Amino acid sequence: MNHLEVYLLVGAVLFVLGLFAVITRKNAIAVLMGVELILNAANINFVAFSRFSSTSLDGHIFAIFVIIMAAAEAAVALAIVLNIYNNLKTVNVDEASSLRG
Amino acid sequence: MGLLLIIGYVMNTSQWNTVTSAPPAETVNTIGELLLTRWLLPFEVASILLLAALVGAAMLARRSRGGEEA
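In this text the structure is predicted, and so the values were computed from the model without any measurement.

Caption draft 1: Expanded view of the overall build of chain A. Counting its secondary structure elements, chain A contains three helices and zero strands. Reading the helices (α) and strands (β) of chain A from amino to carboxyl end gives α-α-α. On C-alpha atoms alone, chain A measures out to a radius of gyration of 17 Å, which is more than a quarter above the 13 Å that the 2.2 N^0.38 rule sets for 101 residues. Along the first, second and third principal axes, the C-alpha atoms of chain A reach 50 × 25 × 15 Å. Per-residue burial for chain A yields a buried fraction of 34% across its 101 residues.

Caption draft 2: Examining the side chain of His60 of chain A more closely. For His60 of chain A, the location among the structural elements is in helix 3 (residues 58-88). Once residues lying within four places of it in the same chain are set aside, the contact partners of His60 of chain A are Val47 and Ser50 of chain A together with Ile31 of chain B.

Caption draft 3: Molecular detail of the side chain of Ser50 of chain A. Along the polypeptide, Ser50 of chain A turns up in helix 2 (residues 28-53). Excluding anything up to four places from it in sequence, Ser50 of chain A contacts Ser56, Leu57, Asp58, Gly59 and His60 of chain A.

Caption draft 4: Seen up close, unusual backbone geometry. Residue and element names in this part refer to chain A. Positive phi values are uncommon outside glycine, yet Lys89 reaches one of about 60°. Here Lys89 is to be found in the segment after helix 3. By relative accessible area, Lys89 is classed as exposed at 58%.

Caption draft 5: Spatial organisation of the interface of chain A and chain B. Every contact between the two is made by 32 residues of chain A and, on the other side, 30 residues of chain B. Buried surface at the junction of chain A and chain B, both sides included, amounts to about 2,700 Å², of which 80% is carbon and sulfur. When the buried area of chain A at its contact with chain B is split by residue, Leu57, Ile61 and Phe65 of chain A rank highest and sum to 19% of it. Counting across the chain A and chain B interface gives one salt bridge. Asp58 of chain A is paired through a salt bridge with Arg38 of chain B; the nearest N and O atoms lie 3.5 Å apart.

What counts and how
- Residues numbered from 1 in each chain as written.
- Chains lettered and ligands numbered in written order.
- Predicted model: local features only at pLDDT ≥ 70, side-chain atom pairs only at ≥ 80, totals over all residues.
- Heavy atoms only, no water.
- Helix = DSSP H or I, 4+ residues; strand = E, 2+ residues; numbered from the N terminus.
- Rg over C-alpha atoms; globule rule 2.2 N^0.38 Å.
- Buried < 20%, exposed > 50% of the residue type's maximum accessible area, 1.4 Å probe, protein only.
- Contact = heavy atoms within 4.5 Å.
- Buried area = accessible area lost by both parts, 1.4 Å probe.
- Salt bridge = Lys/Arg side-chain N within 4 Å of Asp/Glu carboxyl O.

The structure is reproduced here in structure tokens:
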């Protein structure tokens, strides 16, 4: 169980589930959760490649920066969703399509 | 599902050049040292990014709930 392919498989499953959530969900919060799944799949790939194909820890550092970026993205995106709900009374991404200022 | 099959096929048929090395005994010490020496500038940029995201999110969330003047 200590092969690179095992970790890559977990990352691929997470990525496909996240992409599925981003594509099919109508709730904006669920779409954001799918984005987080995709970012975590990328993190698993970073750490796995860093562990199995080099001796440095650069993949770990980069995973930490991806986590930081995910935190900032979640904060801004949740504020935007809050604004959308206040203005349009919906969090459905299909209904929130008007761009009137 | 199809995408997962494609990823799995590529994953299994490609040759990864892996090195077999023993896992390091402890990585937290090394990561902390790297963050404050070699990756110091990205670390600071990330702190600025977090601060900007915090301020931006607070402004976005406050303006809508308060008065309608802005």
